[in-house]
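# Breakdown of the fold
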Amino acid sequence: MIRPVIPLVTAALLFGLGAYGVLRRRNAVLVLMSVELMLNAVNLVLVTGDTMRERVTGQVFALFVIVIAAAEVGVGLALVLRLFRLRQDINIDQVALDDEPRTGPPFAAPALADARSGAAAGAPTLDGEQA
Amino acid sequence: MTLQDVLLSVVGLVAVAGGVAVVTTKQLVRAGLWLVVALGAVAVEFLLLGAEFAAWVQVLIYVGAVVVLLLFAVMLTRAPIGRSSDLDRPALPATLVGAASGLGLAALFVGVFGQFQVPAPAVGTAERIGDSVFGAWVLPFEVLSILLLAALVGAIVLSRPAAPAPQDASADAVAQGSSR
C-alpha cells in the first residue's frame, strides 16, 4: 500500500517553488528553469492520479506535457538568444517593448520592424539585387 | 508507512530541496545543475509510482535535452561564472504567491487524500501506454507532432543570425515574392 498524498504534496511544493521562481527571478533563463519546475509538478500529479485509478491516461498526458515543455523551451531559448543579440542583456525587467535596440559590435542586428520596413522600401537585399 | 512510502518521502524531499536550490542560488550554472537533481528525483518518483516509461522519457528529454539546452543558453548569453548580484527582484510578492499556491495546494491534497491508501502499483510497461497513445489519443498525438515541427521552425527563424545583411525570414519572403 502506498499513500498518494506524499507525491501529491511534493508536487504542490514544487509548483509553489516554480511560481516563486518565475516571479522572483530577473534572468530570463532562470525564469524558464522555474517554468520547467512547475510543469514537472503537474506531471507528478498526473502520474499519481494514474496510480490511484489504475489507468494510463495520466501518463499519456504527462508525455504530452513533456513534449510541449520541450517545444516551449526550444522557442523560449530562441527568444532569449534573440533578445540577447538585440540588447546584450537578458534581464527581463529592462525589456521595453517599444524601445529601440542598443546596437553595437559585434552583435549589431536590426530589430524585426526595421528589417521589415527596409525590405518593403526596396532596400538592396541580396535577393533584391539578383532580381 | 510502508517501504514505498518512505522512499517516496525521501525522494520527494530531494526533489523539493533541488527546487529550492534552483530558485535561490546566486550562480546561473549551478541553477541548471540543481535542476538536474530536482528533475531526476521526480523521475525516481515516477519509477516508484509504477510509471516506468514516463520516468525514462523524463530522464531522456528533461535531464538529457532540456537542461542541456538551458545550459547552452546560459553559455551563449555570456553569463558570468560565479556569483551574480542582480538575479532577484524584491522577495515579498513572489514569496506570497509561491507560498500561497504551494502550501494551499498541499493543504488541499492533505485534506482530500490524507488517509487515502492505494495498492502498490505494478511496474507498468510501455505496451499499455502505447495502446493508449495510438488508440484513444492518436489525434492529439499527431497534432502534437505538428506543434513540435512548428516550434522547431519557429526557433530556427528566430535564432537566424541577421548580422551581415539586414533581412529576416519575412524580408526573405518579400524579396523572393517580388523577384518572381
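Residues numbered from 1 in each chain as written. Chains lettered and ligands numbered in written order. Predicted model: local features only at pLDDT ≥ 70, side-chain atom pairs only at ≥ 80, totals over all residues.

### Overview of the overall build of chain B
In plain terms, the rule: Helix and strand labels come from DSSP, where a helix needs a run of H or I of at least four residues and a strand needs a run of E of at least two; each type is numbered from the N terminus.
For chain B, the helix and strand inventory stands at seven helices and zero strands. For chain B, the α and β elements follow one another from N to C terminus as α-α-α-α-α-α-α.

### Looking at the interface of chain A and chain B
Formally: The contact rule is simple: place each C-beta atom from the backbone, and if two of them lie within 7 Å, those residues are in contact. Gly is placed with the polar residues, together with every amino acid not listed as nonpolar (Ala, Val, Leu, Ile, Met, Phe, Trp, Tyr, Cys and Pro) or charged (Asp, Glu, Lys and Arg).
At the junction of the two partners, chain A supplies 78 residues and chain B supplies 94 residues. For the side of chain A that touches chain B, the elements supplying multiple residues, two or more each, are α1 (5-24), α2 (28-53), α3 (57-87), α4 (112-120) and α5 (126-130) of chain A. Here the element with the most residues in the side of chain A that touches chain B is α3 of chain A; it accounts for 21 residues. Residue classes in the side of chain A that touches chain B are distributed as 53 nonpolar, 15 polar and 10 charged.

### Quick look at the domain arrangement of chain B
Basically, it comes down to this: Residue ranges assigned to each domain were obtained from an automatic or database domain assignment.
Partitioning chain B into structural domains gives domain 1 (3-83 + 92-124) and domain 2 (137-160 + 167-180). Computed over C-alpha atoms only, the centres of domain 1 of chain B and domain 2 of chain B are separated by 32 Å.

### What about helix α1 (residues 3-24) of chain B?
The line we're drawing: Multiplying 1.5 Å by the residue count of a helix minus one yields the expected span of that helix. Residues with at least 20 other C-beta atoms within 10 Å of their own are called buried, those with 12 or fewer are called exposed, and the rest are partly exposed. The C-beta atoms themselves are positioned from the backbone. In this description, one arc is meant: the one made by directions from the helix axis to the C-beta atoms.
The terminal C-alpha atoms of α1 of chain B lie 32 Å apart, and with 22 residues this matches the ideal 32 Å at 1.5 Å per residue to within 8%. Within the span of α1 of chain B, buried status applies to Leu-8, Val-11, Gly-12, Ala-15, Val-16, Gly-18, Gly-19, Val-22 and Val-23 of chain B. Along α1 of chain B, the residues classed as buried sweep out an arc of 160° about the axis, all on the same side. Residues of α1 of chain B that are exposed and point more than 90 degrees away from the buried face comprise Leu-3 and Val-6 of chain B. Considering only its buried residues, α1 of chain B is in contact with α1 and α2 of chain A together with α2 (28-48) of chain B.

### Quick word on the nonpolar core
Among soluble globular proteins, nonpolar side chains are generally buried collectively. Our working rule: Think of a nonpolar core as buried Ala, Val, Leu, Ile, Met, Phe, Trp, Tyr and Cys residues, each tied to the set through C-beta atoms within 7 Å.
Within the largest apolar cluster, 76 residues are counted, with the highest numbers of intra-cluster contacts made by Leu-14, Val-29 and Met-33 of chain A together with Ala-38 and Ala-54 of chain B. A total of 14 residues in this core trace back to one element, the largest contributor, which is α1 of chain A. The residue makeup of this core includes at least three contributed by each of domain 1 (3-83 + 92-124) and domain 2 (137-160 + 167-180) of chain B. Not counting chain neighbours up to four residues away, the residues in contact with Leu-14 of chain A comprise Leu-37, Asn-40 and Ala-41 of chain A together with Ala-15, Val-16 and Gly-19 of chain B.

### Things to note about the environment of Met-1 of chain B
With respect to the element layout, Met-1 of chain B can be found in the segment before α1. Measuring from C-alpha to C-alpha, the distance between Met-1 of chain B and Gly-102 of chain B comes to 24 Å, with 101 residues separating the pair along the chain.

### Let's talk about the environment of Met-33 of chain A
The topology assignment puts Met-33 of chain A in helix α2. The exposure class of Met-33 of chain A is buried, given the 29 C-beta atoms found within 10 Å. Each C-alpha atom, one on Met-33 of chain A and one on Gly-18 of chain A, is 8.2 Å from the other, the two residues being 15 residues apart in sequence. Not counting residues up to four positions away in its chain, the partners in contact with Met-33 of chain A are Val-22, Ala-31, Gly-32, Leu-35 and Leu-70 of chain B.

### Digging into the confidence of the model for chain A
Caution applies to low-pLDDT parts of the model: their predicted coordinates are not meant to be read in detail. All names here are of chain A. As a reminder of what qualifies: One number per residue, pLDDT, summarises how confident the predictor is, and it ranges from 0 to 100.
Put simply, chain A has an average pLDDT of 78, and 73% of its residues get 70 or more. Mean pLDDT across the elements of chain A ranges from a minimum in α5, with 42, to a maximum in α1, with 94. Long-range and interchain partners of residues 104-131, a stretch whose pLDDT sits below 50, account for 47 contacts in this model, where long-range means more than four residues apart.

### Quick look at the packing of α1 of chain A against α1 of chain B
Counted only if it meets this: Axis geometry follows a simple rule: fit a line to the C-alpha atoms, using only the stretch in contact for helices, then measure angles between N-to-C directions, giving values from 0 to 180 degrees. Between 65 and 115 degrees an angle is taken as roughly perpendicular, under 35 as roughly parallel, over 145 as roughly antiparallel, and anywhere else as oblique.
Remark: α1 of chain A packs on α1 of chain B, axes separated minimally by 9 Å, with the N-to-C direction vectors making an angle of 0°. With respect to their mutual orientation, α1 of chain A and α1 of chain B come out roughly parallel. Within the contact between the two elements, α1 of chain A uses Ile-6, Pro-7, Thr-10, Leu-13, Leu-14, Leu-17, Tyr-20, Gly-21 and Arg-24 of chain A and α1 of chain B uses Asp-5, Leu-8, Ser-9, Gly-12, Ala-15, Val-16, Gly-19, Val-20, Val-22 and Val-23 of chain B. Among the residues forming the contact of α1 of chain A with α1 of chain B, the class breakdown is 12 nonpolar, five polar and two charged.

### Remarks on the environment of Leu-63 of chain A
Note that Leu-63 of chain A resides in helix α3. Judged by the 25 C-beta atoms lying within 10 Å of it, Leu-63 of chain A falls in the buried class. Taking C-alpha positions, Leu-63 of chain A is 11 Å from Asn-40 of chain A, a pair spaced 23 residues apart along the chain. Residues contacting Leu-63 of chain A, with those up to four places away along its chain left out, are Ala-54 and Val-57 of chain B.

### As for helix α3 (residues 52-76) of chain B
Between its first and last C-alpha atoms α3 of chain B spans 34 Å; for 25 residues at 1.5 Å apiece the expected length is 36 Å, and the two agree. For α3 of chain B, every residue scored as buried is listed here: Phe-53, Ala-54, Ala-55, Val-57, Gln-58, Tyr-62, Val-66, Val-67, Leu-70, Ala-73 and Val-74 of chain B. Packing partners of the buried residues in α3 of chain B comprise α2 and α3 of chain A together with α2 and α5 (126-133) of chain B. Within two residues after α3 of chain B, Arg-78 of chain B carries a phi angle of roughly 55°, on the positive side.

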